[in-house]
Amino acid sequence: MAPVPPGIRFLASFNRDQWYRAFTFGLTFLLYTSFHLSRKPISIVKSELHKNCSALHELSTAGSRHLPSLHTETDCSWKPFDKSNYKQLLGAMDYSFLCAYAVGMYLSGIIGERLPIRLYLTFGMLMSGLFTCLFGLGRIYNIHNLSFYIFVQVANGLVQTTGWPSVVACIGNWFGKGRRGLIMGIWNSHTSVGNILGSLIAGYWVSSNWGLSFIVPGLIIAAMGGVCFLFLIEHPNDLKSVHDVQNPASSNTLTNSWKGVNGHNQLYHSYKQGGKSQNWDTELLLPVQQVVVVKSESEPSAISFMGALRIPGVIEFSLCLLFAKLVSYTFLFWLPLYITKAAHLDAKTAGELSTLFDVGGIVGGILAGVISDKLGKRATTCAVMLLLAAPTLYGFSLISEFGLGPTIGMLLVCGGLVNGPYALITTAVSADLGTHKSLKGNSRALSTVTAIIDGTGSVGAAIGPLLAGVLSSRGWNQVFYMLMAADFLALLLLLRLVTKELTSSNVVKPRSGSTTVEMKEH
């Protein structure tokens, strides 16, 4: 008999549950990648919406002094962004999307706790694809009404709020034990991967037909919505029906067990199969095929908004994320335009160069997770990275004028330091707080806590690009001063938690099996 290849032995070493867990990890990664992929085009297209056509004007007037001018300074810009206040108009579009996103996020987490995640997420992705495509159709059908673009941005901002609470709750159901910072740090790189892909896709068409820069990402997120509907497994318990078909009840040993899962004290039985005991919610089929489920009166309801705010640390981390996300989203929406103006590059090249910020963000998010796992100090890890980020931003504003090489290096460093705390707070910290010991085992708070933290951060994400649009008219240095001030404010808001972590003599470091996310029934 030939020996089994080592690769096959490796694959066979994983059981069914581990394969499902890996599949869910990869699928949710791709799903949220498509969300960020569809948000990125607006930052790439900005430099195409307003272009300086003075060179064309000179060519047209040099040929003949008697003929009327064929071109004005901005006649190759897209109306209504051809006026001198174009930066304010572009900032207003960013603000429309992000303000709607921030408001909708508070509601999204509460709604998401009460609806099937798969259907809720599918609806959001399909609608987001529709509105993203509508923005691009404005180029195809020559729509120059600012109200149209504002409406599309607001609608898209609202439906995109379905994404983050849903995927975090789903991934929390599957990965509840140990090394949460590392796992979620790697998983959270979907944000930067989506930004990179969005930049490359939008940049490919930005100069020839910027409408396709929106339509293609819109079609991608809509297609991923279909994939979500077909394949997303919200919770390990959702596989019960598949298990029952493959392993008929007659082959199982049934023992009485009255217990609840995720705080739902219903009638359950314990199935013993192959020497292992697995708990499934049991359907008792009577002769008339009725399902009998016995509930107790102590079944907990989804946590309220105020109840989530009372969880220790939620307010501090939420306000910290407000300023951290302000910095991150200002880069997301304005970095390509800044590179275009500062380095005098075309829109396509600037878009490609801006992806280095997201490459640094991937590394920064993973490092933040690893360090916080090792030290057991989430707030301290965030604080140190915020402290280093502020002077780095100032350095970037100076070095970006000295050529391409220094700019590339500073983009990578800035991306890591800016996105590291942002990634850690929105993933591992949110999961920690959503399963805090004060909840007494009620894990139905995870989506709501995630939405509160990210919703508060989204307020900063709305304010940052708007301020950048106003301040950039006075010079880009003003924008960087604003970003540095935001970083310091984020740091100040964490000082109480940092002091508590550093002075506590009984800090328990996260270890395998020390933290769990309870299973959630649907």
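Reading the values: the criteria
Residues numbered from 1 in each chain as written. Predicted model: local features only at pLDDT ≥ 70, side-chain atom pairs only at ≥ 80, totals over all residues. Heavy atoms only, no water. Helix = DSSP H or I, 4+ residues; strand = E, 2+ residues; numbered from the N terminus. Expected span 1.5 Å × (residues − 1). Buried < 20%, exposed > 50% of the residue type's maximum accessible area, 1.4 Å probe, protein only. Core = buried A, V, L, I, M, F, W, Y, C linked by side-chain atoms within 4.5 Å. Contact = heavy atoms within 4.5 Å. Salt bridge = Lys/Arg side-chain N within 4 Å of Asp/Glu carboxyl O. Axes fitted to C-alpha atoms, helices over the stretch in contact; angles between N-to-C directions. Parallel < 35°, antiparallel > 145°, perpendicular 65-115°, else oblique. Left-handed = near helix turned anticlockwise from the far one by under 90°. Patch = residues over 30% accessible without salt bridge, like charges linked within 9 Å, V, L, I, M, F, W, Y side chains within 5 Å. Areas by Shrake-Rupley, 256 points an atom, 1.4 Å probe, with all protein chains shown as cover. Nonpolar A, V, L, I, M, F, W, Y, C, P; charged D, E, K, R; others polar. Phe/Tyr/Trp six-rings, centres within 6.5 Å; stacked < 30°, edge-to-face > 60°. Lys NZ or Arg CZ within 6 Å of the ring centre and 35° of its normal.

A word on helix α18 (residues 446-471)
Logical step 1: End to end, α18 covers 37 Å across 26 residues, agreeing with the expected 38 Å (1.5 Å per residue, within 8%).
Logical step 2: Buried residues dominate α18, accounting for 21 of its 26 residues.

A few points about the nonpolar core
Logical step 1: Counting 82 residues, the largest nonpolar core has F331, F396 and L483 as the members making the most contacts within it.
Logical step 2: In this structure, F396 is in contact with F331, L335, Y338, T407, M410, L411, C414 and F480, ignoring residues within four places of it in sequence.

Considering the pattern of salt bridges
Once their charged atoms are close, side chains differing in charge can pair, the charge on each being opposite to the other.
Logical step 1: In total, this model carries 5 salt bridges according to the counting rule given.
Logical step 2: Here R378 and D373 are joined by a salt bridge, their closest N and O atoms 3.1 Å apart. The pair formed by R378 and D373 is uniform in burial state, with each residue classed as buried.

Brief notes about the packing of helix α2 (residues 16-39) against helix α10 (residues 190-205)
Helix packing for two helices is described by the angle between their axes and how far apart those axes are.
Logical step 1: Here α2 crosses α10 at 45 degrees, and the two axes come no closer than 7 Å. Classified by the interaxial angle, the pair formed by α2 and α10 is oblique. Judged by the sense of rotation from one axis to the other, the crossing of α2 with α10 is right-handed. In this structure, α2 contributes F29, Y32, T33, H36 and L37 to the contact, and α10 contributes H190, T191, V193, G194, N195, L197, G198 and I201.

Some details on the environment of P336
Logical step 1: Structurally, the position occupied by P336 is in helix α14 (residues 314-343).
Logical step 2: For the pair P336 and L353, spaced 17 residues apart in the sequence, the C-alpha separation amounts to 7.8 Å.

What about helix α11 (residues 212-231)?
Logical step 1: For α11, which comprises 20 residues, the first-to-last C-alpha distance of 28 Å matches the rise-based estimate of 28 Å (1.5 Å per residue) to within 8%.
Logical step 2: Every buried residue belonging to α11 is among S213, F214, I215, P217, G218, I221, M224, G225 and C228, and all of these are buried.
Logical step 3: Elements that come into contact with the buried residues of α11 comprise α2, α3 (41-49), α6 (117-140) and α10.

Things to note about a nonpolar patch on the surface
Logical step 1: A cluster of nonpolar residues, V4, I8, F10, L11, F14 and W19, forms a patch on the protein surface that exposes about 570 Å² of accessible area.
Logical step 2: Top contributing element to the nonpolar patch by residue count: helix α1 (residues 6-12), with 3 residues.
Logical step 3: Checked against the element boundaries, W19 lands in helix α2.

Overview of unusual backbone geometry
Logical step 1: Between K79 and P80 the backbone carries a cis peptide bond, its omega angle lying at 5 degrees.
Logical step 2: Positionally, P80 belongs in the loop between α4 (54-62) and α5 (86-112).
Logical step 3: The phi angle at N142 is positive, at roughly 55 degrees, despite the residue not being glycine.
Logical step 4: Tracing the sequence through the fold places N142 in the loop between α6 and α7 (146-159).
Logical step 5: We classify N142 as partly exposed; its relative accessible area is 48%.

What to know about the packing of α14 against helix α19 (residues 476-493)
Logical step 1: Orientation of α14 relative to α19, taken along the N-to-C sense of each, is 160 degrees, at an axis distance of 9 Å. Classed by the angle they form, the pair α14 and α19 counts as roughly antiparallel. Note that α14 runs across α19; the crossing there is left-handed. Here E316, L319, C320, F323, A324, L326, V327, T330, F331, W334, Y338 and K341 of α14 lie close against α19, whose contacting residues are W476, V479, F480, M482, L483, A486, D487, L489, A490 and L493.
Logical step 2: In terms of residue class, the contact of α14 with α19 is built from 18 nonpolar, 1 polar and 3 charged.

Some thoughts on the packing of aromatic side chains
Logical step 1: Tallied over the entire structure, the rule returns 22 aromatic pairs.
Logical step 2: Considering the side-chain rings of F23 and F231, the 6.5 Å spacing of their centres and the 75 degrees angle between planes classify their relative orientation as edge-to-face. Remark: F231 occurs in helix α11 and F23 occurs in helix α2; sequence separation between them is 208 residues.
Logical step 3: Residue F231 is classed as partly exposed on the basis of its relative accessible area of 47%.
Logical step 4: Each residue in the set W78, F81, F135, F148, Y149, W210 and F214 is aromatic and connected to the rest through ring pairs, giving one cluster.
Logical step 5: Between K46 and the ring centre of W334, over which it is positioned, the NZ or CZ distance is 3.9 Å.
Logical step 6: Just above the ring of F229 sits the side chain of R118; from NZ or CZ to the centre is 4.8 Å.

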